[in-house]
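Structural overview for review
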Amino acid sequence: ELKPVLYNILHQYHVPAAKAIVGIQILTPFAVVASLLIDLKIVNSEIGRLALACTLISDLITSPFTAWMRFAYADMDKSVSVKTTTTSIIIILAAILVLRPLFMWIIKQTPEGQAVRGFYIVLVSLSVLLSAVVSDSIGLQYHFGPFIVGLTVPSGPPLGSTLAEKLETLISGLFAPLIISTCGLKF
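Residues numbered from 1 in each chain as written. Predicted model: local features only at pLDDT ≥ 70, side-chain atom pairs only at ≥ 80, totals over all residues. Heavy atoms only, no water.

Quick word on helix H3 (residues 30–40)
Keep this limit in mind: Exposed residues in this analysis have more than 50% of their type's maximum accessible area, buried residues have under 20%, and partly exposed residues fall in between, with area computed by a 1.4 Å probe over protein chains only. Secondary structure counts use DSSP, requiring at least four H or I residues in a row for a helix and at least two E residues in a row for a strand, with both numbered from the N terminus. Regarding the arc, it is the one traced by the directions from the helix axis to the C-beta atoms.
For H3, every residue scored as buried is listed here: Ala31, Ala34 and Leu37. An end-on view of H3 places all buried positions within 130° of arc, on one side of the element. Facing away from the buried side of H3, by more than 90 degrees, are the exposed residues Asp39 and Leu40. Within two residues after H3, Lys41 carries a phi angle of roughly 60°, on the positive side.

Quick look at the side chain of Ser135
Rules: Under the rule applied, a polar contact is a pair of N or O atoms within 3.5 Å (in protein, one hydrogen donor and one hydrogen acceptor; residues adjacent in sequence only if both atoms are side-chain atoms). Contact definition: two residues touch when any of their heavy atoms are within 4.5 Å.
With respect to the helices, strands and loops of the structure, Ser135 is situated in helix H6 (residues 118–137). For Ser135, a relative accessible area of 0% puts it in the buried group. In this structure the side chain of Ser135 is engaged in a polar contact, spanning 2.9 Å, whose partner is the backbone oxygen of Ser131. Discounting residues that sit within four places of it in the chain, Ser135 has contacts with Ile91, Leu140, Gln141, Tyr142, Phe144 and Gly145.

Brief notes about the nonpolar core
Stated precisely, the cut-off is as follows: Note on terminology: a nonpolar core comprises buried Ala, Val, Leu, Ile, Met, Phe, Trp, Tyr and Cys residues joined through side-chain atoms within 4.5 Å.
If you look at the biggest cluster of nonpolar residues, it comprises 18 residues, and the most contacted ones within it are Phe103, Ile106, Val116, Val124, Val153, Leu159 and Leu163. Going through the elements one at a time, helix H5 (78–109), H6, helix H7 (144–152) and helix H8 (159–186) are the ones with two or more residues in this core. Examining the composition of this core, we find that 5 residues originate from one element, H5, more than from any other. With residues up to four places along the chain from it excluded, the contact list for Ile106 reads Val116, Tyr120, Leu123, Val124 and Leu159.

So, in structure tokens, the structure goes:
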């Protein structure tokens, strides 16, 4: 087991500090990168989109690993780690098998050249918020679920572009400052 190794290497009073340092090293870089790209005014450039995509993929990969490590080092039942991993796989499968067909159905229901109905926009937004609550409640980082849901939304018109247009003010005016503040408080 890993826990005795940590206690053999470090003095028992240094173990909490070592855990804190590891925790700081695996914090999400997304808010920092997004803030820097906004400050540099290159968030909409090709390199800006590439940087944001890379940090989101990094967060996606490290989210389940972070949860697993947190449970592995904690004095908790190991079945919690297995349940978290299983639930994250279920979230991914639900997004692919349920939400993606639902989003494609919404696109088929929208007449060509017209905007998506407001009800569907609210439905997609609620699915994103619900996935954040589920992700946080099972021990993953709160943005894991919305990232997976975001990957299932087809880009471009009518659904992707309507979502981007309708939610721009909410995202840039409320959620972006909120996540930057939250990450600053964690730091």
